[in-house]
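# Residue-level structural notes
Below, each chain spelled out in residue letters.
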Amino acid sequence: MKNRRKTVQKIWFLLLRLAALLNGAALLLIVYFILSRGFTAISWEFLTKAPENSMTEGGILPCIAGTIGLCLVTIMAALPIGIASAIYLNEYSGKGKIVRIIRLGINNLAGVPSIVFGLFGLAFFCIVLDMGVSLAAGGLTLAIMTLPVIIGASEEALKTVPDTYREASLAMGATQWQTIRKIVLPAAFPGILTGSILGISRAAGETAPIMYTGAVFFTPNLPDSIFDEVMALPYHIYVLATAGTNIEATRHLQYGTALVLIVLVFGMNLTAIILRSKMRKKLRI
Amino acid sequence: MGHNIKMHTKGLDFFYGDFQALENISIEFIENRVTALIGPSGCGKSTYLRCLNRMNDLIPGIRVNGLAMLEQEDIYESSVDVVSLRRRVGMVFQKPNPFPKTIFENIAYGLRVNGLKDKAKITTIVEKSLKQAAIWDEVKERLNESALGLSGGQQQRLCIARALAVDPEVLLMDEPASALDPIATQKIEELISFLSSQLTIIIVTHNMQQAARVSDKTAFFYMGKLIEMNDTDTLFTRPELKQTEDYITGRFG
Amino acid sequence: MKRQSIDKGVHSLFLAIALFSIIFLSLIMLFLFKEGIPIFDFITVKDFLFGQYWYPTDDPADFGIFPLILGSIYVTIVSGLIAIPLGVMTAVYLAEIATPRVAEIVKPIVELMASMPSVIIGFFGMVVVAPFLQQVFNIPVGLNMFNASLMLAFMAIPTICSLCEDAIFSVPTALKEASFALGATHLETIVKVVIPASLSGICTAVILGLSRAIGETMVVLMAAGGAAMIPMSIFDPVRPLPASIAAEMAEAPFRSEHYHALFAIGIVLFVFTFLFNILADYISYRFRQTGEASL
Ligand SMILES: Nc1ncnc2c1ncn2[C@@H]1O[C@H](COP(=O)(O)OP(=O)(O)OP(=O)(O)O)[C@@H](O)[C@H]1O
Ligand SMILES: [Mg+2]
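This is a predicted model, so every value here is computed, not measured.

### Focus: the pairing of strand 9 (residues 217–222) of chain B
Each regular strand shows side chains that alternate between the opposite faces of the sheet. All names here are of chain B. Bridge count for strand 3 (residues 34–38) against strand 9 is 4 bridges, and the pairing is parallel. Residue pairing across strands places Thr-35 opposite Lys-217, the latter belonging to strand 9. Note that strand 9 and strand 10 (residues 225–231) share 6 bridges and pair antiparallel. Within strand 10, the position partnered with Ala-219 by the bridge is Met-229. In this antiparallel pair of consecutive strands, strand 9 and strand 10, the connection spans 2 residues, and Met-223 shows a positive phi of 50 degrees.

### A short note on the packing of aromatic side chains
This model, assessed by the stated rule, comprises 29 aromatic pairs over all chains. Look at Phe-50 of chain C and Phe-66 of chain C: their rings are 5.8 Å apart centre to centre, the planes differ by 45 degrees, and that puts the pair in the tilted class. With a gap of 16 residues between them, Phe-50 of chain C in helix 3 (residues 45–50) and Phe-66 of chain C in helix 4 (residues 66–97) connect regions that are remote in the sequence. By relative accessible area, which is 22% here, Phe-66 of chain C ends up partly exposed. Taken together through their ring pairs, the aromatic side chains of Tyr-88, Tyr-92 and Trp-177 of chain A together with Phe-14 of chain C make up a single cluster. Its end group placed over the ring of Phe-15 of chain B, Arg-63 of chain B keeps NZ or CZ at 4.2 Å from the ring centre. The positively charged end of Arg-162 of chain B is found above the aromatic ring belonging to Phe-99 of chain B, 4.5 Å away from the centroid.

### Focus: the side chain of Asn-53 of chain B
With respect to the element layout, Asn-53 of chain B can be found in the loop between helix 1 (45–52) and strand 4 (62–70). Under the relative-accessibility criterion, Asn-53 of chain B is labelled buried at 0%. Excluding residues that lie within four positions of it along the chain, Asn-53 of chain B makes contacts with Ala-171 of chain A together with Leu-85, Arg-86, Val-89, Met-91 and Leu-172 of chain B.

### Notes on a nonpolar patch on the surface
Residues and elements named next belong to chain A. Residues Val-8, Ile-11, Trp-12, Leu-14, Leu-15, Leu-18 and Leu-21 make up a contiguous nonpolar surface patch of about 650 Å² in total accessible area. Here Leu-15 is to be found in helix 1 (residues 2–38). With a relative accessible area of 36%, Leu-15 lands in the partly exposed category.

### Notes on the side chain of Glu-155 of chain A
All names here are of chain A. Its location among the elements puts Glu-155 in helix 6 (residues 135–159). Of the residues examined, Glu-155 reaches a relative accessible area of 7% and is grouped as buried. With sequence-adjacent residues up to four places away left out, Glu-155 is seen in contact with Ala-86, Leu-89, Asn-90 and Arg-103.

### Regarding the interface of chain C and chain A
Think of interface size as the accessible area that goes away when the parts come together; that is how it is often given. On the chain A side, the residues contacting the 77 residues of chain C number 83 residues. Carbon and sulfur atoms supply 78% of the area buried between chain C and chain A, which totals about 7100 Å² over both sides. Remark: the boundary between chain C and chain A carries 2 salt bridges. A salt bridge links Glu-111 of chain C to Arg-276 of chain A, with the shortest nitrogen-to-oxygen separation between them at 2.8 Å. Applying the counting criterion to the chain C and chain A interface returns 13 residue pairs in polar contact (both at pLDDT 80 or more). A breakdown of the residues in the side of chain C that touches chain A according to their chemical character gives 54 nonpolar, 15 polar and 8 charged.

### Concerning the confidence of the model for chain C
Looking at chain C as a whole, its pLDDT mean stands at 88, while 97% of the residues score no less than 70. At the level of individual helices and strands, chain C shows its lowest average pLDDT in helix 8 (residues 173–181) of chain C, which scores 82, and its highest in helix 2 (residues 20–36) of chain C, which scores 93.

### A word on the sheet that holds strand 3 of chain B
Residues and elements named next belong to chain B. The strand order across the open sheet built from 6 strands is 6-7-8-3-9-10, with neighbouring strands paired in mixed fashion. Looking at the sheet topology across the chains shown, the edges are occupied by strand 6 (89–92) and strand 10. The sheet shows a mean angle of 20 degrees between the axes of neighbouring strands, direction not considered. Of the pairings in the sheet, the one linking strand 7 (residues 170–174) to strand 8 (residues 200–204) comprises 5 bridges and is parallel in character. Looking across to strand 8, one finds that Val-170 is bridged to Thr-200. Across the face of the sheet, helix 1 comes into contact with strand 3, strand 6, strand 7, strand 8 and strand 9 while running at roughly 155 degrees to strand 7.

### What to know about the environment of Phe-266 of chain A
Relative to the elements of secondary structure, Phe-266 of chain A occurs in helix 10 (residues 251–284). Residues Phe-266 of chain A and Lys-159 of chain A, 107 residues apart in the sequence, show an inter-C-alpha distance of 27 Å. Ignoring sequence-local partners within four residues, the contact set of Phe-266 of chain A consists of Leu-27 and Val-31 of chain A together with Leu-112, Ser-115 and Met-116 of chain C.

### Some remarks on the interface of chain B and chain A
Every contact between the two is made by 23 residues of chain B and, on the other side, 15 residues of chain A. Among the residues of chain B in contact with chain A, Phe-99, Tyr-109 and Val-113 of chain B are the three that bury the most area, contributing 29% of the side total. In this assembly, chain B and chain A are joined by 1 salt bridge. With a shortest N-O distance of 3.0 Å, Arg-50 of chain B and Glu-167 of chain A are connected by a salt bridge. At the junction of chain B and chain A, the tally comes to 6 residue pairs in polar contact (both at pLDDT 80 or more). For the side of chain B that touches chain A, the class distribution of residues is 12 nonpolar, 5 polar and 6 charged.

Cut-offs used in this document
Residues numbered from 1 in each chain as written. Chains lettered and ligands numbered in written order. Predicted model: local features only at pLDDT ≥ 70, side-chain atom pairs only at ≥ 80, totals over all residues. Heavy atoms only, no water. Pairing = 2+ DSSP bridges. Helix = DSSP H or I, 4+ residues; strand = E, 2+ residues; numbered from the N terminus. Phe/Tyr/Trp six-rings, centres within 6.5 Å; stacked < 30°, edge-to-face > 60°. Buried < 20%, exposed > 50% of the residue type's maximum accessible area, 1.4 Å probe, protein only. Lys NZ or Arg CZ within 6 Å of the ring centre and 35° of its normal. Contact = heavy atoms within 4.5 Å. Patch = residues over 30% accessible without salt bridge, like charges linked within 9 Å, V, L, I, M, F, W, Y side chains within 5 Å. Areas by Shrake-Rupley, 256 points an atom, 1.4 Å probe, with all protein chains shown as cover. Salt bridge = Lys/Arg side-chain N within 4 Å of Asp/Glu carboxyl O. Buried area = accessible area lost by both parts, 1.4 Å probe. Polar contact = N/O pair within 3.5 Å; in protein donor to acceptor, adjacent residues only side chain to side chain. Nonpolar A, V, L, I, M, F, W, Y, C, P; charged D, E, K, R; others polar. pLDDT = per-residue confidence, 0-100. Axes fitted to C-alpha atoms, helices over the stretch in contact; angles between N-to-C directions.

Written out as structure tokens, the structure reads:
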């Protein structure tokens, strides 16, 4: 009897372990394929030249620049709005109706499919606000998509700041804003930073929201202004893989671009993860 | 005479939502004297203390009735500026809570937020406050090190210094020594006696001996009500009520 | 009084900014409806939702999105069949069995899975999984429902797993100890105490994971095969809702019927995920974990 229970437990635990292993294996497999096949495509030229010969040769510099540009616009729009919203929710608001509504908005915004953001960006930024297909329109669309992530992360970080700090500051005759600016925000900063990096990394890898708002098939020029259209890494992969002039012959370019995108996104993520675990260690001491 | 009333409450009721935590509390606090609040856990001492600098305002759903006066001013009047009230009525908390900043910056913080920019002046006041709180000698070499590196007792004295820096008229202390060892506690007690000549102190404590040692007046709370208040000596030697006697002799609570 | 008035101003400013989220959400709905509703001048809602044929560029065009809806539902179900057990099991493993050191390695892996750009997963489905399926199952096309579902599962697992783990982790230790003290094995404790206590959290996690799958675009655009037909087998190509929008927006003339139809698909998609979210919200609120009381 006792042995049977033990055996059943052993089998189940093995299955659970296998499930976890399977996830790791799947991730590894994808990364391995991209890495091993993309590696040969990477060269100095690949990183510093524009695509040539109907995008069957050359490099991906405009895509790298475009993706970075989109991220910058996203950061500039989403970070202030996201952090300020989190501050309002965590520091100022009570439990009123407005807060319930705001939270409902954030939760549902987080669930909106990425292509719907794309549709909205097209109808609103590109057409109504007359931005056209541009860095600004694409970046703002991504910013709205990223907003819930940044708000969530910032709120989490603000929550880890002990209330005793706030009370001590207020008890000394500091206003609430002084308390937030000088005590709460500095203490929450590392958490906000890591959360924001995670949010931005997600924006960097998104395709659907920028397909019709910011990214184009091909433009050899680097953007001069935020109203220029750009190329972007994720969209470039999609284009080469599905609609290129010669899909089979440009496989190495596709793998190469995918590799650059993965390195960019994972690089940001790993930075955030490492930052965070350092922070946690520091908190424990 | 010198028995000015610095602060007083009259018929003060306090509610957390529907729960009444304080009922009809009337106390007068004499200027430059130490008043101790004692009573069993949960009787509303902290709540009362936090009414006096409106720290409870931070909690949603609270309600206050009755009068709470700082000198001639009703502190719950809508025209009252909570921020300057809190500067005048300082607070020291149960657990030492220095900011994660340097020792110097911890003290300077209150000055800066209150609009003082003059560096030399700030330095002078920092030194003065640390001396007042009897911790200057221990920290003068390490003013630019993190305050979190101090011992618990030192941290608490730093917090007292921090509260003193903005020159409050009243100092509220909520069990300031309960997280400390006996030696650190003794230092805090000495400090309280020393400070009592300069400002009005209201201290919550669970420790009868401590109340007896440091305070001039003692108020005994029970279940949200003020049961008895008197000169500390009288209250501890000849309590009027049986309830008070039971508590201070340790028969319940 | 100056800094006090600044304080008041800052408060109002932050409130105004915090309203942005709800404003954006409203704008999204507004524009979806504004650009989507006009299609119903040409076709009834019923014919749109239940029409069997999606030939938007024919003359006369057919705008029946039933095959697309079915495509979306099918890939979501199949990916759920893969992702739910894997995600929940991994979460149980992480929260209950893994040593802290192992968990410290596995958790970042799950996070990296979550951060993998969808276009890369779709690309992987195209160039690696498709030929593999073609060979192994001896089928004409590797880009099909099964392929897309596999790839979607990869995207849904991290969502399900990390939310589940939070739920499982927050089961009070006292509950577990009580079960151990009665002589239950670890597995029995997990099955009879931990999982029931965190069931609402697990359900929420599953719903949000599936909601992510149904709204995902690039994977279904690249790996599902793109045929707007009602699938008969798991190896048939399908064309889920997001794929249609993404694939056809480029060729739909501005404010044409086709353009409006694509926005109307956006409405349908939005409503789907909106309902999922409301449901998740409701479950997590209604069956909130309240410690011992939830058993
Ligand atoms: N934020 C709050 N919300 C609701 N009720 C509260 C809150 N804070 C305190 N109470 C209740 O008010 C009553 C008085 O609490 P208070 O903290 O003032 O007691 P105390 O005398 O300071 O106790 P202790 O000696 O343990 O510190 C208690 O019954 C407590 O449960
Ligand atoms: Mg207390």
